[in-house]
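Here's the letter readout for the chains.
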Amino acid sequence: MSTTKNAAHREPMTESQTLREDLDHTRQHLADTVQEISRRLNVPNRMKETAASAGHRVSDAAGQTGQMMKQVPDAVKGLPATGKRHPKVTAAVGGAVVLGAGAMAWMARRHK
């Protein structure tokens, strides 16, 4: 009974008042808990939120890829000049590509 109802007057609360406050506090806590559980169990709404988020990420990635693809033609135009400046490197890279393609074809045929 040390709890006070009104701090200005320091009136001690009766046991029934203390119990009512505890009950009100418990009800509010229970209501908050039920609301949080309902939000977590609302699967359709959560799926919509997740899908919207994924859609934004895919859209951003597509935009970035589009920007990079615009730069590819300029890079391809410079390849012959690079090959002429570094013929040994060009031959080594070409050989590695052919070797890799051959290995992939051999592995694909072997797994049939």
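Residues numbered from 1 in each chain as written. Predicted model: local features only at pLDDT ≥ 70, side-chain atom pairs only at ≥ 80, totals over all residues. Heavy atoms only, no water.

A.B. asks: Whenever I open this one, the overall build of the protein chain confuses me. Can you help?
C.D. replies: Of the regular secondary structure elements, the protein chain holds 4 helices and 0 strands. Secondary structure elements in the protein chain, listed N-terminal to C-terminal, are α-α-α-α. For 112 residues, the compact-globule estimate of 2.2 N^0.38 gives 13 Å, and the protein chain exceeds it by more than 25% at 35 Å. For the protein chain, the spread of C-alpha atoms along the principal axes amounts to about 95 × 40 × 25 Å. Taken across its 112 residues, the protein chain has 2% of its residues classed as buried. Of the roughly 10200 Å² that the protein chain leaves accessible, carbon and sulfur atoms contribute 63%. Of the charged side chains in the protein chain, 17 are positive and 10 negative, and the gap between their average positions amounts to 28 Å. (Helix = DSSP H or I, 4+ residues; strand = E, 2+ residues; numbered from the N terminus. Rg over C-alpha atoms; globule rule 2.2 N^0.38 Å. Buried < 20%, exposed > 50% of the residue type's maximum accessible area, 1.4 Å probe, protein only. Areas by Shrake-Rupley, 256 points an atom, 1.4 Å probe, with all protein chains shown as cover. Lys, Arg positive; Asp, Glu negative; His and termini not counted. Charge placed at Lys NZ, Arg CZ, Asp CG, Glu CD.)

A.B. asks: How should helix α2 (residues 43–77) be read in this particular structure?
C.D. replies: The α-helix winds at 3.6 residues per turn, so residues separated by three or four positions along the chain end up facing the same way. With 35 residues, α2 should reach 51 Å at 1.5 Å per residue; the first-to-last C-alpha distance of 51 Å fits that figure. Within α2, the axis deviates most sharply at Gln71, by approximately 25°, and proline Pro73 lies no more than four positions further along. (Expected span 1.5 Å × (residues − 1). Bend = angle between axes of the 7 residues up to and from the residue.)

A.B. asks: Teacher, can you tell me more about the pattern of salt bridges here?
C.D. replies: Two side chains of opposite charge can pair, provided their charged atoms sit close to one another. For the coordinates displayed, the defined rule picks out 3 salt bridges. For Arg39, the salt bridge goes to Glu36, with nearest N and O atoms at 3.0 Å. Remark: Glu36 and Arg39 occur in helix α1 (residues 15–41); sequence separation between them is 3 residues, near one turn of the helix. With relative accessibility at 31%, the residue Glu36 sits in the partly exposed group. Across the salt bridge formed by Arg40 and Glu36, the nearest N and O atoms sit 2.9 Å from each other. Note that Arg40 and Glu36 are positioned in helix α1 at a spacing of 4 residues, about one turn of the helix. Three or more residues joined by partner-sharing salt bridges are found here, namely Glu36, Arg39 and Arg40. (Salt bridge = Lys/Arg side-chain N within 4 Å of Asp/Glu carboxyl O.)

A.B. asks: Quick question: what am I supposed to make of the environment of Thr50 here?
C.D. replies: Position of Thr50 relative to the elements: it lies in helix α2. For Thr50, a relative accessible area of 53% puts it in the exposed group.

A.B. asks: Hey, could you run me through the confidence of the model for the protein chain in this one?
C.D. replies: Residues shown with low pLDDT carry predicted positions that ought not to be read at fine detail. Mean pLDDT over the protein chain works out to 83, with 90% of the residues at or above the 70 mark. The weakest mean pLDDT in the protein chain belongs to helix α3 (residues 79–85) at 78; the strongest belongs to α1 at 91. (pLDDT = per-residue confidence, 0-100.)

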